[in-house]
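Structure assessment
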Amino acid sequence: MAASLLGAAGCAGNDPSDDAAAAPRTVTPVAGCGAGGWTDPSDLAPDRKPARCDKGAPAPQPLAKKRKITVATGTLSAEYVAPLQVAVAKGEFTKEGLDVSLKVLPTPDALPLLAKGDVDAQWAAPEAAVMNGINGGFAIKWVAGNFSPDPTSKSGLWVRLKDGESADHVDMAGRKLGTMIGKGSVIAYPMDTSLKKHGGGLDRISFQQLGSADVLTALQNGGVDSAWLLDPIWRKVDGDKKYAFLGGQPVGEPLGGLLFGPNLLNKDPDAGVAFLRAYIRTVNTYFAGDYKADPAFVAELAGLMKTDEATLRSTPSMRMDWEIRKGTTDRLQKAYADSGVSTGDPVPEDKAVDRAMYGEAVGHKP
């Protein structure tokens, strides 16, 4: 993936105008988004309350000229993509003068397109290939978070226990782990943390990359010893004494969300802020709390995601969170280095992360 990104960089080149420093933007207070519309990025407390504005805020500010935006996403069936789907279905993007289309593309295919400006945004994560691409000169930044798990969720690292093992005593060294993306995924960070608690580490296990439908099957039939299971798949093994949950994504710390390329970062930042305004308004209006407590909304979500309501209800509501925590990309890159998939020097946070655009959307002045 990294090779294709760097190859695309060589073919596409960089327009100097794209890299020009943007003029300072005016940030004004936003009705309905007071002190609660922004939280200290350095606050990593598990019980941190995510930023919230009032329902319906921030209000739309339609662009003078309608703008078409294409967003690449690896899937439309995962719950963490639901805010984008709801924003489209409820017309929140349209209120901003944006014509948004969601295009399903695998991450390896979408990243070069994002860097070249063939797609405007990507709903993904700052994975190893993204950081390697930024190191190669691409104008790509992580501009908004997506979610952190509910404290009761067991989405994460599961292991099939051997004789004599328990959840408190598992030797992970030498095990084979099944995952959809592999060492370069953002789950490398929480995975490394969990593995090291059990005598493992990313450098002491082997990986087997599998399709989303095959990860659980491989764990159950012995094809792999452990696996990273997402909502609601982990429900299939929860309570079975043959398996143990070793840990998941840090509570209160989103590991993915929106990536912007040069189109929205540099060429048309007004459209970028408008996009984030619609996304944030959607979270505040429809996903502010326990959104699964509303049966009608669960039914609507199930229809958008093309899944059944019972499956959707089987896991707790996610904590939808548009903010990005301080140091997350540093921790991710440490995990990528441990697993041997990073290239070059670590990317400084200010080169990989832009909080100013969602700050402007909620009226927060740095």
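Before reading further, recall that the structure is shown in the block above.
**Comments concerning the overall build of the chain**
When you go through the chain residue by residue, the secondary structure sums to 13 helices and 12 strands. At 20 Å, the chain has a C-alpha radius of gyration in line with the 21 Å of a compact globule built from 366 residues. Summarising its shape, the C-alpha atoms of the chain cover approximately 65 × 50 × 35 Å along the three principal directions. Looking at the chain as a whole, 52% of its 366 residues qualify as buried. The long-range share in the chain, meaning contacts at least 24 apart out of those at least 6 apart in sequence, stands at 82%. For the chain, the separation between the mean place of its 41 positive charges and that of its 44 negative charges on side chains is 2 Å.

**Some remarks on the sheet that holds strand β3 (residues 121-124)**
An order of β2-β1-β3-β11-β4 is seen for the 5 strands of this open sheet, with the pairing classed as mixed. Each edge of the open sheet carries a strand with a single partner, namely β2 (98-104) and β4 (141-145). Neighbour-to-neighbour, the strand axes of this sheet turn through a mean angle of 30°, independent of strand direction. The sheet contact formed by strand β1 (residues 67-73) and β2 spans 7 bridges and is parallel.

**As for the pattern of salt bridges**
According to the stated counting rule, one finds 23 salt bridges in the structure shown. For Glu-360, the salt bridge identified is with Arg-25, shortest N-O distance 2.7 Å. Of this pair, Glu-360 sits in helix α13 (residues 356-362) while Arg-25 sits in the loop between α1 (2-12) and β1, and the two are 335 residues apart along the sequence. With a relative accessible area of 16%, Glu-360 lands in the buried category. Overall, Arg-25 belongs to the partly exposed group, its relative accessible area being 36%. Among the ionic pairs, Arg-331 bridges to Glu-253, the shortest N-O distance being 2.8 Å. Residue Arg-331 is located in helix α11 (residues 328-339), and its partner Glu-253 is located in the loop between β10 (243-248) and β11 (257-260); the two are separated by 78 residues in the primary sequence. Residue classification places Arg-331 among the partly exposed positions, given a relative accessible area of 25%. One connected set of salt bridges, linked through shared partners, spans Glu-92, Lys-95, Glu-96, Arg-277 and Arg-281.

**Overview of the packing of aromatic side chains**
Under the defined criterion, the tally for this structure stands at 10 aromatic pairs. With a centroid separation of 5.5 Å and 40° between ring planes, the pair formed by Trp-158 and Phe-245 is classed as tilted. Pair noted here: Trp-158 is in strand β6 (residues 156-160) and Phe-245 is in strand β10, with a separation of 87 residues, a long-range link. With relative accessibility at 2%, the residue Trp-158 sits in the buried group. For the ring pair Tyr-286 and Phe-297, a centre distance of 6.1 Å and an interplane angle of 15° mean the geometry is stacked. Of this pair, Tyr-286 sits in helix α8 (residues 269-286) while Phe-297 sits in helix α9 (residues 295-305), placing them 11 residues apart in sequence. Residue Tyr-286 is classed as partly exposed on the basis of its relative accessible area, which comes to 22%.

**Some words on the sheet that holds β10**
Ordered in space as β8-β7-β9-β6-β10, the 5 strands form an open sheet in which the pairing is mixed. Each having just a single partner strand, β8 (206-209) and β10 make up the two edges of the open sheet. If you compare each strand with its neighbour and ignore which way they point, the axes differ by 25° on average. Relative to strand β9 (residues 226-229), strand β7 (residues 176-179) runs parallel, the two being bridged by 2 bridges. If you follow Leu-177 over to β9, its bridge partner there is Ser-226. Across the face of the sheet, helix α5 (residues 188-196) comes into contact with β6, β7, β8, β9 and β10 while running at roughly 125° to β10.

**Here we look at the packing of helix α2 (residues 82-89) against α8**
Where α2 meets α8, the closest approach of the two axes is 9 Å, and the angle between their N-to-C directions is 100°. Relative to α8, α2 is oriented roughly perpendicular. Residues Pro-83, Leu-84, Val-86 and Ala-87 of α2 form the contact with α8, whose own contacting residues are Phe-275, Tyr-279, Thr-282 and Tyr-286. When the residues that make up the contact of α2 with α8 are grouped by side-chain class, the tally is 7 nonpolar, 1 polar and no charged.

Cut-off values and rules
- Residues numbered from 1 in each chain as written.
- Predicted model: local features only at pLDDT ≥ 70, side-chain atom pairs only at ≥ 80, totals over all residues.
- Heavy atoms only, no water.
- Helix = DSSP H or I, 4+ residues; strand = E, 2+ residues; numbered from the N terminus.
- Rg over C-alpha atoms; globule rule 2.2 N^0.38 Å.
- Buried < 20%, exposed > 50% of the residue type's maximum accessible area, 1.4 Å probe, protein only.
- Contact = heavy atoms within 4.5 Å.
- Lys, Arg positive; Asp, Glu negative; His and termini not counted.
- Charge placed at Lys NZ, Arg CZ, Asp CG, Glu CD.
- Pairing = 2+ DSSP bridges.
- Axes fitted to C-alpha atoms, helices over the stretch in contact; angles between N-to-C directions.
- Salt bridge = Lys/Arg side-chain N within 4 Å of Asp/Glu carboxyl O.
- Phe/Tyr/Trp six-rings, centres within 6.5 Å; stacked < 30°, edge-to-face > 60°.
- Parallel < 35°, antiparallel > 145°, perpendicular 65-115°, else oblique.
- Nonpolar A, V, L, I, M, F, W, Y, C, P; charged D, E, K, R; others polar.

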